Amino acid sequence: MSTNFLSRQLLSTSNCDDALTDTQCDAVIYTRTTIAIFAIFGCFLIISMIILFRTYHNFSQRLILNLTIAALLDTVPYFFGHQPKGPVCTFQAFAMTWFDWSVLLWVCCITFNLGVNVLRRKPGEKYEKYYHFIAWILPLGIALVPLLMGAYGPAGVWCWIDDDRADTTALRFGIWYGPLFFLILLLFISNGYIFSRVNREVRQYSGLYSQGVEAEKRFLLTQVQPLKYYPVVYLLLSVFPLVNRIQNAADPTQPVFALLLLHSMTSPLQSFMNALVYLANTDKAIWSQCTRAGIARALRLWGAERITERPGMEQLSGDSDTDDEANDTDSNTSRTPFNDTLQSIDSTA
């Protein structure tokens, strides 16, 4: 995307909403686009670390990867600025509908997976193919409905369901507002219960040691801990968009600039906040690889003809056993599945 193209998109704000001044429209669009730049950086950071260090063998990491890809695609329409009715406007509206739904449903899948983990003490990998259908194919079908109806068009600062349609409010509630309100309520209840259950079990296991207890701790660490904050981030950042949507539904012709601005700030911010959550929960075994030498060796691993991988990447949990192995082998390098493979490559180089 060239600078001139981006500038033309950002500057096309004239009469973006009859109830807002051009200055207000500019503020909303520039704010949204600036935050979207940070969001894209966050997405690429997560994706590159998961792929480079092959943590996608862990199911929870694959869920994070899919959520991040959906968030990245959801960020792209923010760079189109205000558009008049036409193909670009239709594409922006279609993409926003598809990937807004995709992000929401990946969050729902993660929450369901956490429930399976916590309540049944089983990984949710057997549901993975269903997650992909629910979070990619189903949103595509939803986004196609307004497209086939010719319902996409200018909707204030951005394009969505055309403001000029007689059934605008009904269609918006049918394909987004209604399901959104229900799912957010369900997410609040589900995640509140999951958090209380996990915290109670962590306190219960505190100070205890047995093979069974250690297995429980390890399961919580590898399958629950990496995922539990992503639904919370989505819920917290959904507050202002939700309030703004309620206000829009109540009075579509009189948007509140402050709410619209907060909506524009928090919607693309999710990807960046996800990146912060990911970095905060990244295992120290991975951080030990984030050096020039570690990255170079990881890239060599990608080019190796024979790669010995350990499914599940359980050793990336950073527990005391892993630390003991690291201290026994190399006081300066944490032991990970990458080390074993890379050492074998070095020995044959």
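Residues numbered from 1 in each chain as written. Predicted model: local features only at pLDDT ≥ 70, side-chain atom pairs only at ≥ 80, totals over all residues. Heavy atoms only, no water.

**What to know about the overall build of the chain**
Thinking step 1. Across its full length, the chain holds 14 helices and two strands.
Thinking step 2. Sequence separation of at least 24 residues holds for 73% of the intrachain contacts in the chain that already meet a minimum separation of 6. (Helix = DSSP H or I, 4+ residues; strand = E, 2+ residues; numbered from the N terminus. Contact = heavy atoms within 4.5 Å.)

**Observations regarding the state of the cysteines**
Thinking step 1. With the rule as written, the count across this model stands at one disulfide.
Thinking step 2. Residue pairing for Cys-89: its cysteine sulfur links by disulfide to Cys-159, the two sulfurs lying 2.0 Å apart. In this structure the cystine formed by Cys-89 and Cys-159 twists about its S-S bond by roughly -120°; its chirality is therefore left-handed. A residue pair is termed long-range when its members are at least 10 positions apart, and Cys-89 in helix α4 (residues 87-120) and Cys-159 in strand β2 (residues 158-161) qualify at 70 residues. (Disulfide = S-S within 2.5 Å.)

**Overview of a nonpolar patch on the surface**
Thinking step 1. A cluster of nonpolar side chains, contributed by Tyr-130, Phe-133, Ile-134, Ile-137 and Leu-138, occupies part of the molecular surface with about 480 Å² of accessible area.
Thinking step 2. Structurally, Leu-138 is set in helix α5 (residues 128-149).
Thinking step 3. Leu-138 sits in the partly exposed class, given a relative accessible area of 39%. (Patch = residues over 30% accessible without salt bridge, like charges linked within 9 Å, V, L, I, M, F, W, Y side chains within 5 Å. Areas by Shrake-Rupley, 256 points an atom, 1.4 Å probe, with all protein chains shown as cover. Salt bridge = Lys/Arg side-chain N within 4 Å of Asp/Glu carboxyl O. Buried < 20%, exposed > 50% of the residue type's maximum accessible area, 1.4 Å probe, protein only.)

**Side note on the packing of α4 against α5**
Thinking step 1. Packing of α4 against α5 brings their axes to within 8 Å, and their N-to-C directions diverge by 150°. As judged from the angle between their axes, α4 and α5 are roughly antiparallel. Seen along the crossing, α4 lies across α5 with a hand that is right-handed. Contacts between α4 and α5 involve Thr-90, Phe-94, Thr-97, Trp-98, Phe-99, Trp-101, Ser-102, Leu-105, Trp-106, Cys-109, Phe-112 and Asn-113 on the former and, on the latter, Tyr-131, His-132, Ile-134, Ala-135, Trp-136, Leu-138, Pro-139, Leu-140, Ile-142, Ala-143, Leu-144 and Leu-147.
Thinking step 2. When its residues are assigned to classes, the contact of α4 with α5 shows 19 nonpolar, five polar and no charged. (Axes fitted to C-alpha atoms, helices over the stretch in contact; angles between N-to-C directions. Parallel < 35°, antiparallel > 145°, perpendicular 65-115°, else oblique. Left-handed = near helix turned anticlockwise from the far one by under 90°. Nonpolar A, V, L, I, M, F, W, Y, C, P; charged D, E, K, R; others polar.)

**With respect to unusual backbone geometry**
Generally, phi is negative for residues other than glycine and the peptide bonds are trans, each holding for most cases.
Thinking step 1. The backbone of Arg-54 shows a phi angle near 60°, a positive value even though the residue is not glycine.
Thinking step 2. With respect to the helices and strands, the residue Arg-54 is situated in the loop between α2 (22-52) and α3 (59-75).

**Considering the pairing of β2**
Thinking step 1. Two strands pair when backbone bridges link them, and strand β1 (residues 152-155) and β2 are joined in this way by four bridges, in the antiparallel orientation. If you follow Pro-154 over to β2, its bridge partner there is Cys-159.
Thinking step 2. Here β1 folds back onto β2, and the loop between the two strands holds two residues, one of which, Gly-156, carries a positive phi near 95°. (Pairing = 2+ DSSP bridges.)

**Some thoughts on the nonpolar core**
Thinking step 1. Formed by 67 residues in total, the largest nonpolar core has its most connected members in Leu-104, Trp-106, Trp-160 and Trp-176.
Thinking step 2. In this view, Leu-104 contacts Trp-176, Leu-180, Leu-183, Leu-187 and Tyr-234; residues no more than four positions away in its chain are not counted.
Thinking step 3. Core analysis: the second largest hydrophobic core is formed by eight residues, Leu-20, Val-28, Met-96 and Val-157 among them. (Core = buried A, V, L, I, M, F, W, Y, C linked by side-chain atoms within 4.5 Å.)

**Some details on empty space enclosed by the protein**
Thinking step 1. Applying the stated criterion across every chain yields a total of two cavities of 30 Å³ or more.
Thinking step 2. In this structure, the second largest cavity spans a volume of roughly 50 Å³.
Thinking step 3. Lining the second largest cavity are Thr-168, Thr-169, Arg-172, Phe-173, Tyr-177, Asn-248, Ala-249 and Pro-252.
Thinking step 4. Secondary structure elements with two or more residues in the lining of the second largest cavity: α6 (168-205) and α9 (239-250).
Thinking step 5. The greatest single-element share of the lining of the second largest cavity, amounting to five residues, is contributed by α6.
Thinking step 6. Broken down by class, the residue content of the lining of the second largest cavity amounts to four nonpolar, three polar and one charged. (1 Å grid on protein atoms, 1.4 Å probe; cavity = no way out; pocket = protein on both sides within 12 Å on 5 of 7 lines; lining within 4 Å. Points joined across faces, edges and corners; volume = space filled by probe spheres on them.)

**Points about the confidence of the model for the chain**
Thinking step 1. Per-residue confidence for the chain averages 79 on the pLDDT scale, and 76% of its residues sit at or above 70.
Thinking step 2. Helix α13 (residues 320-329) is the least confidently modelled element of the chain, averaging 39 in pLDDT, while α5 averages 97, the highest of any element.
Thinking step 3. Within the model, the stretch residues 305-349 combines pLDDT values under 50 with 74 contacts to residues more than four positions away or in other chains. (pLDDT = per-residue confidence, 0-100.)

**Thoughts on the environment of Cys-89**
Thinking step 1. According to the relative accessible area criterion, Cys-89 is buried, its value standing at 1%.
Thinking step 2. A C-alpha to C-alpha distance of 5.6 Å links Cys-89 and Cys-159, two positions 70 residues apart in sequence.
Thinking step 3. Those residues in contact with Cys-89 that lie beyond four places of it in its chain are Gln-83, Pro-84, Gly-153, Pro-154 and Cys-159.

**Observations regarding the environment of Arg-197**
Thinking step 1. Structurally, Arg-197 is set in helix α6.
Thinking step 2. With 78 residues separating them along the chain, Arg-197 and Leu-119 place their C-alpha atoms 8.8 Å apart.
Thinking step 3. Look past the residues within four positions of Arg-197 in its chain and what remains in contact with it is Val-118 and Leu-119.

**Here's the deal with α2**
Thinking step 1. The first and last C-alpha atoms of α2 sit 44 Å apart over 31 residues, in line with the 45 Å expected at 1.5 Å per residue.
Thinking step 2. Phi turns positive, to about 60°, at Arg-54, one or two residues after α2. (Expected span 1.5 Å × (residues − 1).)

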